[in-house]
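Examination of the molecular architecture
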Amino acid sequence: MYEELFERNYGIFSLKEQGKIRDARVVIIGCGGVGGVVAQALARSGLNHFVLYEHDQYDISNMNRQITCYDDTVGVNKAAVTRETILKINPEADIIMYERALEPKEIDDVIKQGDVIIPAADEWPLSIAVLGAAKEQGKPAIMVYPAGVLGRVSTFLPESPYAAECLVMPYKAGYEELKAFMESPDNRRILQYYQTVGGWTQEWFDGFVVGEKPHAQICPIVWITGSLAAMEVIKLVTGKWEPVVAPRYWHITMAGARIARFGIGRRLLSRIIRRPWGRALLPVLTSQ
């Protein structure tokens, strides 16, 4: 049955390469916008083994971008719907599902469950902490970052810089420190590229700065970035193509797509801002 389901893949992948896709296990933390797209794309590519984490249920606000949010799934846990969708694609898929949030203290143990890690939780500090822990454990992980009409996707390997370094966050910080940093209005106010590149309105950005608005996102960018993340997984598990490895990343805007590179001075910045005097300099340091 497997060969029939994925017959057209064999025009691209050898039996051995498709076998690597089939046998890989991917941990997806968060099954909403990005996580749902990644799960479906990988299931339709023939991946058989999934670990899913999601505590949230679909609500009406998810309808604009989340791939399995429909009128009849509103109020249903996202991981449960994602699991059901995968099984509709491939009834033989092996799925471990947790209808709850991943606790920060569980990060190290969860990373051990997969060959590739996709941190796609709405709680961005948790995702950054997972990316850092995966690097330290020698596991590949993929950062997926849609913000308005801007999308970023990058594969992080053991030899990559930390994701926090690439995004000018505290270097080697734990979950609590990352959370405090990312929730600070002063630090959020610096993210002007959410407007200039991401297309956010001033009103929405002002609400986000004070914690009253979530990330503004639209369906095409969420689905494009999720699909690119799934392609990065396929690259990693088959070895057929080179992944886009940090500090390089996919840079998606309404003007097009290209491979960009995080600034070379970001590691120094991420170390500086761990110090109290460094936080005060952050607006000046990141305005260049």
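Residues numbered from 1 in each chain as written. Predicted model: local features only at pLDDT ≥ 70, side-chain atom pairs only at ≥ 80, totals over all residues. Heavy atoms only, no water.

**Some thoughts on the overall build of the protein chain**
This is how the line gets drawn: What counts as a helix is a DSSP run of H or I of at least four residues, what counts as a strand is a run of E of at least two, and both are numbered from the N terminus. With the radius of gyration taken over C-alpha atoms, the globule rule is written as 2.2 Å times the number of residues to the power 0.38. When a residue's accessible area, from a 1.4 Å probe over protein chains only, is under 20% of the maximum for its type it is buried; when over 50% it is exposed; and in between it is partly exposed. Working rule for contacts: check all heavy atoms of both residues, and any pair within 4.5 Å makes them a contact. Here the open area of atoms and residues is found with the Shrake-Rupley method and a 1.4 Å probe, where only the protein chains shown may cover a residue. For this count, His and the chain ends are skipped, Lys and Arg are scored as positive, and Asp and Glu as negative. Positions of charges follow a simple convention, taking NZ of Lys, CZ of Arg, CG of Asp or CD of Glu.
Counting its secondary structure elements, the protein chain contains 14 helices and 8 strands. Radius of gyration (C-alpha) of the protein chain: 19 Å, near the 19 Å computed for a compact globule of 288 residues. Its C-alpha atoms put the protein chain at 60 × 40 × 40 Å along the principal axes. Within the protein chain, the proportion of its 288 residues that are buried is 54%. Partitioning the contacts of the protein chain with sequence separation of at least 6, the portion at a separation of at least 24 is 63%. Roughly 13400 Å² of accessible area belongs to the protein chain as shown, and the carbon and sulfur atoms make up 53% of that amount. The averaged location of the 33 negative side-chain charges in the protein chain is 8 Å from the averaged location of its 32 positive side-chain charges.

**Overview of the packing of aromatic side chains**
In this description, an aromatic ring pair is defined by two values, namely the gap between the centres and the angle between the planes. What counts is decided by this rule: Each Phe, Tyr or Trp ring, with Trp reduced to its six-membered ring, pairs with another whose centre is within 6.5 Å; inter-plane angles below 30 degrees give stacked pairs, above 60 give edge-to-face pairs, and intermediate values give tilted ones. Put simply, a charge is over a ring when the Lys NZ or the Arg CZ is close to the ring centre, within 6 Å, and near the line of the ring normal, within 35 degrees.
Under the defined criterion, the tally for this structure stands at 13 aromatic pairs. Centre to centre, the rings of Y194 and W200 are 4.7 Å apart; their planes meet at 50°, and the pair counts as tilted. Measuring from ring centre to ring centre gives 4.2 Å for Y249 and F262, while their planes differ by 25°; the resulting arrangement is stacked. With Y249 in strand β7 (residues 248-253) and F262 in the loop between β8 (256-261) and α13 (266-272), this residue pair connects regions lying 13 residues apart in the sequence. Of the two residues, Y249 and F262, neither departs from the other in class, the shared state being buried. Sitting over the ring of F208, R188 keeps its end group 4.3 Å from the ring centre.

**Re helix α4 (residues 78-89)**
The criterion, for reference: Expected span of a helix, by definition, is 1.5 Å for each gap between consecutive residues, and there is one gap fewer than residues. When we speak of the arc, we mean the arc of directions from the helix axis to the C-beta atoms.
An ideal rise of 1.5 Å per residue puts 16 Å on 12 residues; α4 measures up with 17 Å between its terminal C-alpha atoms. Here α4 has its buried residues at K78, A79, V81, T82, T85, I86 and I89. Within α4, the buried residues cover an arc of 160° as seen down the axis, which keeps them to one side. Along its buried surface, α4 packs onto α1 (2-5), α3 (33-45), β2 (49-53) and β3 (94-98).

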